[in-house]
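As a plain string of letters, each chain reads:
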Number of protein chains: 2
Amino acid sequence: MPAAFSDASLINKAVFTIKGLAMDGVEKANSGHPGTPMGLASITFEIYARYMRHDPKDPAWIGRDRFVLSAGHASMLLYSILHLTGYDLPMGELQAFRQWGSKTAGHPEHGMVPGVETTTGPLGQGVCNGVGFALAAKWKHTKFGQPFEASHVYVLASDGDLMEGVSGEASSIAGHLGLNNLVVIYDDNRITIEGSTELAFTEDVGKRYEAYGWFVQRIDGHDHGQIRAALDKALAEKARPSFIVARTHIAHGAPNAHDTSEAHGAPLGKDEIAATKTAAGWDATRQFYVPEDVYAAFGARKEELGKAHADWRTTYFAWRSANPALAAELDAIEEKRTPPDLFEQLVAAVPAKEDATRNTSNAIQQVAAKLVPSLIGGSADLAPSTKTLIKGGGDIGKGNFSGRNLHFGVREHGMGAICNALALSGGLIPYGATFLIFSDYMRPAVRLSALMEQQALWIYTHDSIFLGEDGPTHQPIETLWALRIIPHLYVVRPADGLETAAVWALALQRKHGPTAFSLTRQKLPTLKRDAGFDPKVMLRGAYTVAEATGGKPDLVVMGTGSEAQLAEAARTALQADGRKVRFVSVPCLEAFMAQDASYRDSVLPPGIPRVSVEAGVTLPWKAIVGEKGLAIGIDRFGASAPDTVLAREFGFTAESVVSRVREWLKTAG
Amino acid sequence: MPAAFSDASLINKAVFTIKGLAMDGVEKANSGHPGTPMGLASITFEIYARYMRHDPKDPAWIGRDRFVLSAGHASMLLYSILHLTGYDLPMGELQAFRQWGSKTAGHPEHGMVPGVETTTGPLGQGVCNGVGFALAAKWKHTKFGQPFEASHVYVLASDGDLMEGVSGEASSIAGHLGLNNLVVIYDDNRITIEGSTELAFTEDVGKRYEAYGWFVQRIDGHDHGQIRAALDKALAEKARPSFIVARTHIAHGAPNAHDTSEAHGAPLGKDEIAATKTAAGWDATRQFYVPEDVYAAFGARKEELGKAHADWRTTYFAWRSANPALAAELDAIEEKRTPPDLFEQLVAAVPAKEDATRNTSNAIQQVAAKLVPSLIGGSADLAPSTKTLIKGGGDIGKGNFSGRNLHFGVREHGMGAICNALALSGGLIPYGATFLIFSDYMRPAVRLSALMEQQALWIYTHDSIFLGEDGPTHQPIETLWALRIIPHLYVVRPADGLETAAVWALALQRKHGPTAFSLTRQKLPTLKRDAGFDPKVMLRGAYTVAEATGGKPDLVVMGTGSEAQLAEAARTALQADGRKVRFVSVPCLEAFMAQDASYRDSVLPPGIPRVSVEAGVTLPWKAIVGEKGLAIGIDRFGASAPDTVLAREFGFTAESVVSRVREWLKTAG
């Protein structure tokens, strides 16, 4: 027991302080969720004040435990405890809850407040992030030992978090892997926005978690003795992740709001807050009040934690001295280090053989895995198709966390959210792979990777109707653009081996943002590049592959991925017609858009007619080729047939494309 | 027991016929999944030949049971049994599996083959569709009685189906509702694409379903006695949906492929097929072989089923005579009837008060619910926020299926897939509601609603950064366009009450496709429309609200939803500058695109500069306003603050928009 909080009445006071801050913060903002922070105040207090290994003075301490508020709407709970425990979050920030320019956003945002390990709010994601953090800790502990000894992850989850399928996916994985360093506490308050959980949520959640292979306990979430006993048992558990069903009451302590759905998403109101404070024996007129002895006790606890951290550092530096090679590897991983000649080495690894970009990508990934030890990942049960195994990397499985290949099962969404946490955990560059169409299944996680500016690699194969016989359910049409329009996400669609190497380099060097790969199932030819081609120009996202001959271009034909070859063929045929045609390949539109105007204008000269070719929706391409330009694509769902037949029927042969362009030139060019 | 199949050796022969067709179909296509059809042949045979109430001569029989192959990749299983049982699917179609122009697509597609109740392939969806079908049957049975008595739904689900979170969401709902007319059979073959389920799926699935409140049985999926006993018990169960864990073997009967992951997704090869046929005592040289006595027995069974259907019809017409009012209501529902003056009645229902479109929509929905009895739906635990309850409609809950309000819990994806089945079930126009940002959580289901051309209404509120304090995790930026680019989906974003009525009419009259609503949290003013305005023009998707004064327009300013008022303000200010400015509102871009060119050109005259205003990504708008046009929007993630502050900071005040346009006109106009 920490010396700081040896007195039960002080504990009660600290718990009520959290409740008061949450009530007052939501009231002042006139917006937010007061009920859940009140219901979870006791549990959160116990975790932060007694169990969690953390250091408010060093939120980035690699050996720390992690806390995830999956119920992100209860953000005032997190802000309150971070303030009290001594993180750099002054009272002024709590008072500016949900206001422009404050750090205390409506939902906790990673990167804005020290101690917020991940952005939560979209329900279910935090539970999966917890699984990812626990997995990362296991992996690092297995690899490095001491620095990551006994790292634990604590997650607070709401009804909503556990109704969402994504949390079920990740929880099944956690049970499968036996992540005994993970403790999820279920805020079983029986209240949802629409009313009682009796309306829609009557399953036996604890039993479901037992079925996933978890160690399940049931407690009164307001009884500190029970909370401690359950956490003690959870930490003592050797084989299974822990799930603690904590029966709580929303707006606990509020005389009228207690146990009501109204307390979920609206301020309690001045009268109810006053009544709550009065009932607790507090001065009803004081807002944002933290008693001096509560501050003092948290301050003392902060000192204790600082000492524990210092002790850890002593052992850690001893470990470094005793294990210099491991320590060097740890540093490389923590920095996500890539060699300075990464691009050149990946380009050198491009196989001579013409192949599908999923296969070329696999060859390049092998080299990347050697050069970048941070790279680990897996597929949603499609590794033989996505070609994403790291050869000789070893499988990660129960009791065996030293490998580099994860097996996510058919759980795209859980995969995405777990990968986000691997990235957030520091030092890992995770990848998650599936067919491009199934990016839809994990879209909320992909969006969060972009919002949090995390280096996650989303490797999507079978990236067009040319996957063939699987038909329209599996054939992306709108999918590429649906990803491209997510802010801060890069989408790369290489046209051949060389571009595949380039986009791997781009993605591995992009430390503060995710990259989605779009790779083919089918074999692609190698583009014929003009003499004097500088490979590094590929990193600019779009570039001239073959310049017009016979003078300045009077037409630019551009393509991406498997359709670049069609743009190339169109250039050849139209040059033969007497046109002066430039062929531009566009492996990454976002990288191209980020270039300066002079480069962009040099590739796509203003005023010169443009054609784009991509086997997907055309409307957004019209923004690139212009109103009078020609966007060749597909604006209907696909069909089930062999790829060559589809190419013929959908007009994606060289002949079709050339004739479409010729027809268009009659009126446009 | 059906007389047709009273002989055990004939049953074995029929089962092997299915296996043979599946092997041969995949082999001929040189693509597909042979192993699962072989593993599920016995179960599928028993369901179709013995249990299912269906009539191959009338696949649309309203009183039929339904079969869903959630494991859609095993499509040859479904095609084989449909062929054998006498649906209109000739042998030639089986032989053209996965080929251009055939009905036998790689995954079963609704609308292509009679007897295919829903499109499956994206895993997990079929399980949820089964829940939706069972719910629809309960609803109709409660409302109408006899015609829907004892309608059952049979679902075959794979490991993958049950790993996906979406199936867990819907299964929890099914258990909650006690849908005892639903039987899900789990193909527990322990093989996934990456290898054994030991790699990633070691949870106790049966126990998980017990936790959901299901009746769970465990059987040998190749033992016909056990299959029948389990199905008998499932049909006798009074209170719970049934989950049958059937231990099966992938590629059952194939000497070498048996129990291998290779048998999952690739043809077995000629030699293995021959060996399998030989092992079964069949002629290894015959392909697509159906023994005469097997055809004969299925033919006899078809006659039996036809007689049962005829008996049902007798009772049904007696029911109609005895219940003329109910029969009339049934007809109205089955036809999804809407009154001829629906548009006028909805327009008349527009409240005088200026309000958020979510509130106006709620008012109009009340009238729509009275006029269109097919309309039922619910929200993913956000009804008080999305404002989508049908007042006085009654809740649908366990043992009470007569209401019109569903409670989906925080399960957007399950909601989407359940709604798809409600639409497919015939007669229902379902709606599913949540915040716009969470359309990402249900995107695969939305896509399927578009692919299947089903009339599902997706009601999304809180449709921009102006939801305010909840911050970037909840603020759509790319979301509207991510929906707009899905083929065949309409996205409607009304700017005021009148447009809200119009888009409700549009959606309710669009029988063969889904519509996504984008509605505001915040209050909107009523647009000032020119005198002589014909409300019906709103149905054209974009229209002139206020014409330029002083001559032909030299500028068109358009806006959608909450930003239409800014376009309107810009028009007023720029007219005052001496410009001639037309203000166009765009409640539904897809409907506008579907108009003929002369209408489109009349609204957006070619050559006249254009400005668009929408609080989301701008790139696709550049396709509408043209290269030189101005697209005012947001290309970064949002922020947490009150909406008026966000409007100021993000440049969405009238002043900001006007000054942006003025600045742009200096160079462009």
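Please read these numbers as outputs of a predicted model, since none were measured by experiment.

The rules behind these values
- Residues numbered from 1 in each chain as written.
- Chains lettered and ligands numbered in written order.
- Predicted model: local features only at pLDDT ≥ 70, side-chain atom pairs only at ≥ 80, totals over all residues.
- Heavy atoms only, no water.
- Pairing = 2+ DSSP bridges.
- Helix = DSSP H or I, 4+ residues; strand = E, 2+ residues; numbered from the N terminus.
- Axes fitted to C-alpha atoms, helices over the stretch in contact; angles between N-to-C directions.
- Least-squares fit on C-alpha atoms with pLDDT ≥ 70 in both.
- Parallel < 35°, antiparallel > 145°, perpendicular 65-115°, else oblique.
- Left-handed = near helix turned anticlockwise from the far one by under 90°.
- Contact = heavy atoms within 4.5 Å.
- Phe/Tyr/Trp six-rings, centres within 6.5 Å; stacked < 30°, edge-to-face > 60°.
- Buried < 20%, exposed > 50% of the residue type's maximum accessible area, 1.4 Å probe, protein only.

(A) Region of interest: the sheet that holds strand E9 (residues 405–407) of chain B. All names here are of chain B. The sheet built from six strands is open, its strands ordered E9-E8-E10-E11-E13-E12 with parallel pairing. Every interior strand has two partners, whereas the edge strands, E9 and strand E12 (490–492), have only one. Along the sheet, successive strands turn relative to each other by an average axial angle of 20°, direction set aside. In the sheet, strand E11 (residues 457–461) pairs with strand E13 (residues 515–518) via four bridges, with the strands oriented parallel. Looking at E13, one finds that Tyr460 is bridged to Ser518.

(B) Structural view of the relation of the copies chain A and chain B. Screw-axis analysis of chain A against chain B gives a translation of 0.0 Å along the axis, an RMSD of 0.0 Å, and a rotation angle of 180°. Each copy turns onto its partner about a two-fold axis.

(C) Just the packing of helix H21 (residues 564–576) of chain A against helix H26 (residues 654–668) of chain A, in detail. Residues and elements named next belong to chain A. Viewed as axis vectors pointing N to C, H21 and H26 meet at an angle of 55°, and their least axial separation amounts to 9 Å. Comparing the axis directions of H21 and H26 gives the class oblique. You can see that H21 and H26 cross each other, and the crossing is right-handed. Seen from H21, the contacting residues are Leu566, Ala569, Ala570, Ala573 and Leu574; seen from H26, they are Ala654, Val657, Val658, Val661, Arg662 and Leu665.

(D) Representation of the side chain of Thr461 of chain B. Mapped onto the fold, Thr461 of chain B is located in strand E11. Discounting residues that sit within four places of it in the chain, Thr461 of chain B has contacts with Arg358, Ser385, Thr386, Thr434, Phe435, Leu436 and Leu519 of chain B.

(E) Representation of the packing of aromatic side chains. Residue and element names in this part refer to chain B. Applying the stated rule across the entire model yields 52 aromatic pairs over all chains. Aromatic pair Phe533 and Tyr543: ring centres 5.7 Å apart, planes at 40°, arrangement tilted. Taken together, the residues span a long stretch of sequence, with Phe533 in the loop between E13 and strand E14 (543–546) and Tyr543 in strand E14 at a distance of ten residues. We classify Phe533 as partly exposed; its relative accessible area is 22%.

(F) Examining the pairing of strand E3 (residues 182–188) of chain A more closely. All names here are of chain A. By the criterion of burial, E3 is predominantly enclosed, with seven of the seven residues buried. Relative to E3, strand E2 (residues 153–157) runs parallel, the two being bridged by five bridges. Bridging from a neighbouring strand, Val153 pairs with Leu182 of E3. In this structure, E3 lies alongside strand E7 (residues 242–247), joined through six bridges in parallel fashion. Residue pairing for E7: Val184 is matched across the bridge by Phe243.

Purely geometric numbers; function is a separate question.
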